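Here's the letter readout for the chains.
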Amino acid sequence: MNITQKKFKRILVANRGEIAIRVIRSAKEMGIETVAVYSDADRNAPHVKLADFACHIGKSPSTDSYLQGKKIIDVALSLDVDAIHPGYGFLSENADFAKNVSEAGIVFIGPSPEAIKVMGDKLAAKAAVQAYNIPLVPGTDKAIKDINLAKKKAQEAGYPILIKASAGGGGKGMRVVEKEEDFEEQMERAVSEAQSAFGDGSVFIEKYITSPKHIELQVLGDQHGNIVHLFERECSVQRRHQKVIEEAPSKVITEEKRAQMGKDAINVAKACSYFGAGTVEFIMDENLNYYFLEMNTRLQVEHPVTEMITGIDLVKEQIKIAEGSALSFSQDEVEKRGHAIEVRVYAEDPENNFLPDTGTLNIYQRPQGLGVRVDDGYEEGIPIPIFYDPMIAKLIVHAKNRDEAIARMLRAIEEYNISGIKTTLPFCQFVLGHDSFVSGKFTTKFVEKFFAPEVLSQELSEQEYQAASVLIYEYLQKTGANETANPIQNKAGNSKWKERLR
Ligand code: ADP
């Protein structure tokens with residue numbers, strides 16, 4: 001391959017919010033100028049103020065602004081931009097956009113359009129990785145239309161099964177079928193859902209792993225054929241098949257398993273001649289058997305936990321790779337240190353089925369202190385626009401070990417002061433203090449199994465509070481002050497949270 005080496009002077013960030021800021025920060029540290037783009041709703045957004053240049057690209061709905069590929073390329077051309085970073089979401093996994101950027105003579109900071117295309121289709125991805133003997137979830141390896149054949153395949157895989165949209169993403173277009181009687185109806189629904197959400201009605205069948213963990217591996221590849229993995233992230237705490245809490249490393253993965261999964265992740269990347277930062281997602285059963293789910297060909301929301309344990313700035317690496325540089329480290333040189341946890345702060349009401357909440361950030365005070373990082377895109381007084389993803393911020397902590405990271409996260413959540421909008425923080429606080437999370441044994445079923453809105457509204461009576469305090473005291477005496485993940489203590493914290501939110 002003919003690789004052009006070119007140091008960038010100016011890049012455009014085709015995104016908004018926290019990820020636009022995240023990219024701008026790394027670019028600045030590399031001495032690269034930045035161009036922000038913004039919609040009507042984002043006129044006063046922090047990412048606009050932080051960039052060296054900013055260009056208005058349209059009305060508030062993303063279809064009129066952040067998804068306007070041509071307009072964004074025109075802005076880039078008019079401002080003599082060397083490269084475009086797509087962030088995540090929006091145009092980041094749009095192969096046509098990546099191609100149009102390159103054809104305009106601008107570098108796309110990401111993989112090739114071909115890799116995006118193959119991995120953007122779950123079935124094409126499975127086909128591509130088969131040559132490398134990557135374990136796949138039992139099911140069909142082709143789109144399935146014929147209902148009788150589909151039923152037969154479902155029977156072979158064994159109920160419960162999952163009908164998935166080939167073009168699916170973001171947890172959308174998936175239907176669990178518990179028994180054969182329901183198959184036909186669910187299949188029809190899945191096809192029509194996939195058609196309306198993705199413009200492609202292709203669906204396929206996978207065995208539904210009843211209580212799995214979601215484990216994914218970060219990979220980095222350059223344009224010279226070097227690929228490394230940066231260990232795993234455990235992302236099993238989910239609602240609606242979408243992640244809320246992530247950590248690195250996973251408590252349950254052994255060094256042997258890690259090495260094996262790392263090798264497989266690298267092979268998945270090889271299967272599509274991958275370069276850039278990417279994530280290989282696996283689903284894992286209770287016996288630590290794992291199966292390939294998909295590869296995301298972009299920077300992930302949860303990338304900071306990997307940065308915290310490896311000390312590697314993934315955005316800088318993405319930029320260097322796009323400039324044509326070879327990776328400056330080998331697999332043996334990638335080390336992990338300590339433990340990192342991220343909680344996603346969504347403008348959602350956990351007491352009302354996690355429905356998005358709207359409003360203005362009347363009070364917005366971030367937690368601080370050793371090992372605490374907040375990646376966000378808002379400031380106090382800013383209304384949360386209804387047009388985009390409801391994620392306000394990511395709160396990330398890093399500590400020597402998992403117990404300390406949990407304690408640090410609980411402390412940081414306690415310090416985070418947000419009013420004017422309901423958020424997922426009280427839910428995250430509940431999870432972090434829960435035995436199942438502390439033990440590391442939790443699965444993607446955590447919310448279904450353990451969470452009910454009432455757990456957030458349980459106020460302790462004075463008597464219960466006294467009893468809890470005694471228990472905490474005894475517990476600390478027995479275990480030493482480091483072991484702070486005490487569910488009772490957390491309960492008391494929860495009620496304080498509730499007071500503050502009202
Ligand atoms: P998307 O691209 O929509 O995010 P994924 O294939 O990555 O879809 O799956 C998202 C989540 O759905 C997983 O993290 C897991 O919780 C659940 N899931 C996906 N496939 C299976 C399966 N075969 N069995 C059980 N759960 C699954």
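The rules behind these values
- Residues numbered from 1 in each chain as written.
- Predicted model: local features only at pLDDT ≥ 70, side-chain atom pairs only at ≥ 80, totals over all residues.
- Heavy atoms only, no water.
- 1 Å grid on protein atoms, 1.4 Å probe; cavity = no way out; pocket = protein on both sides within 12 Å on 5 of 7 lines; lining within 4 Å.
- Points joined across faces, edges and corners; volume = space filled by probe spheres on them.
- Nonpolar A, V, L, I, M, F, W, Y, C, P; charged D, E, K, R; others polar.
- Domains from an automatic or database assignment.
- Helix = DSSP H or I, 4+ residues; strand = E, 2+ residues; numbered from the N terminus.
- Contact = heavy atoms within 4.5 Å.
- Salt bridge = Lys/Arg side-chain N within 4 Å of Asp/Glu carboxyl O.
- Buried < 20%, exposed > 50% of the residue type's maximum accessible area, 1.4 Å probe, protein only.
- Pairing = 2+ DSSP bridges.
- Phe/Tyr/Trp six-rings, centres within 6.5 Å; stacked < 30°, edge-to-face > 60°.
- Axes fitted to C-alpha atoms, helices over the stretch in contact; angles between N-to-C directions.

Focus: empty space enclosed by the protein
Now for step 1: Enumeration according to the criterion identifies two cavities of 30 Å³ or more in this entry.
Now for step 2: For the largest cavity, the lining is made up of 13 residues, of which Ile109, Gly110, Thr297, Arg298 and Gln318 are closest to its centre.
Now for step 3: When the residues that make up the lining of the largest cavity are grouped by side-chain class, the tally is six nonpolar, six polar and one charged.
Now for step 4: If you count residues domain by domain, the lining of the largest cavity takes at least three from each of domain 1 (10–109) and domain 3 (209–337).

A few points about unusual backbone geometry
Now for step 1: Geometrically, the link from Tyr159 to Pro160 is a cis peptide bond, its omega value of -5° lying close to zero.
Now for step 2: In this fold, Pro160 is placed in the loop between α7 (147–157) and β6 (161–165).
Now for step 3: Cis geometry is found at the peptide bond from Ala248 to Pro249, where omega equals -5°.
Now for step 4: The residue Arg240 is not glycine, and still its phi comes out positive at about 50°.
Now for step 5: Unusually for a residue other than glycine, Leu288 sits at a positive phi of about 65°.

Topic: the domain arrangement of the protein chain
Now for step 1: What the domain assignment reports for the protein chain is domain 1 (10–109), domain 2 (138–207), domain 3 (209–337) and domain 4 (349–502).
Now for step 2: With 24 residues of domain 3 at the contact, the number on the domain 4 side is 24 residues.
Now for step 3: Taken together, the connections running from domain 3 to domain 4 amount to two salt bridges.
Now for step 4: Here Arg373 ties to Glu307 by a salt bridge, and the two come within 3.0 Å at their closest N and O atoms.
Now for step 5: Those elements giving two or more residues to the side of domain 3 that touches domain 4 turn out to be β9 (213–221), β10 (227–239), β11 (242–248) and α10 (303–310).
Now for step 6: Per element, the largest residue contribution to the side of domain 3 that touches domain 4 is six residues, and it comes from α10.
Now for step 7: A per-class count over the side of domain 3 that touches domain 4 returns 10 nonpolar, six polar and eight charged.

A word on the pairing of strand β12 (residues 276–284)
Now for step 1: With nine of its nine residues buried, β12 lies for the most part within the structure.
Now for step 2: Covered by surrounding structure in β12 are Gly276, Gly278, Val280, Phe282 and Met284 together with Ala277, Thr279, Glu281 and Ile283, the residues of both alternating faces.
Now for step 3: One ladder, built from six bridges, connects β12 with strand β13 (residues 290–296); its direction is antiparallel. Note on β13: the bridge partner recorded for Ile283 is Tyr291.
Now for step 4: In this antiparallel pair of consecutive strands, β12 and β13, the connection spans five residues, and Leu288 shows a positive phi of 65°.

Quick notes on the packing of aromatic side chains
Now for step 1: The final tally for this structure, using the stated rule, is 15 aromatic pairs.
Now for step 2: A ring pair is formed by Phe90 and Tyr388, whose centres lie 6.5 Å apart and whose planes are at 85°; its orientation type is edge-to-face. In this pair, Phe90 sits in the loop between β4 (83–85) and α4 (95–103) while Tyr388 sits in the loop between β18 (372–376) and β19 (391–399), placing the two residues 298 residues apart along the sequence.
Now for step 3: Given a relative accessible area of 9%, Tyr388 falls into the buried group.
Now for step 4: Aromatic pair Phe446 and Phe450: ring centres 5.1 Å apart, planes at 55°, arrangement tilted. Of this pair, Phe446 and Phe450 both sit in helix α15 (residues 446–450), four residues apart, which is roughly one turn of that helix.
Now for step 5: Phe446 gets classed as buried once you look at its relative accessible area, which sits at 1%.

Some points on the sheet that holds strand β8 (residues 203–207)
Now for step 1: Reading across from one edge, β7-β6-β8 is the order of the three strands in this open sheet, with antiparallel pairing throughout. Looking at which strands have only one partner, the edges of the open sheet turn out to be β7 (174–177) and β8. Neighbour-to-neighbour, the strand axes of this sheet turn through a mean angle of 25°, independent of strand direction.
Now for step 2: Sheet analysis places β6 next to β8, joined by five bridges and oriented antiparallel. Note that in β8 the partner of Lys164 across the bridge is Phe204.
Now for step 3: Sheet strands in contact with α7 are β6 and β8, and its direction is about 20° off that of β8.

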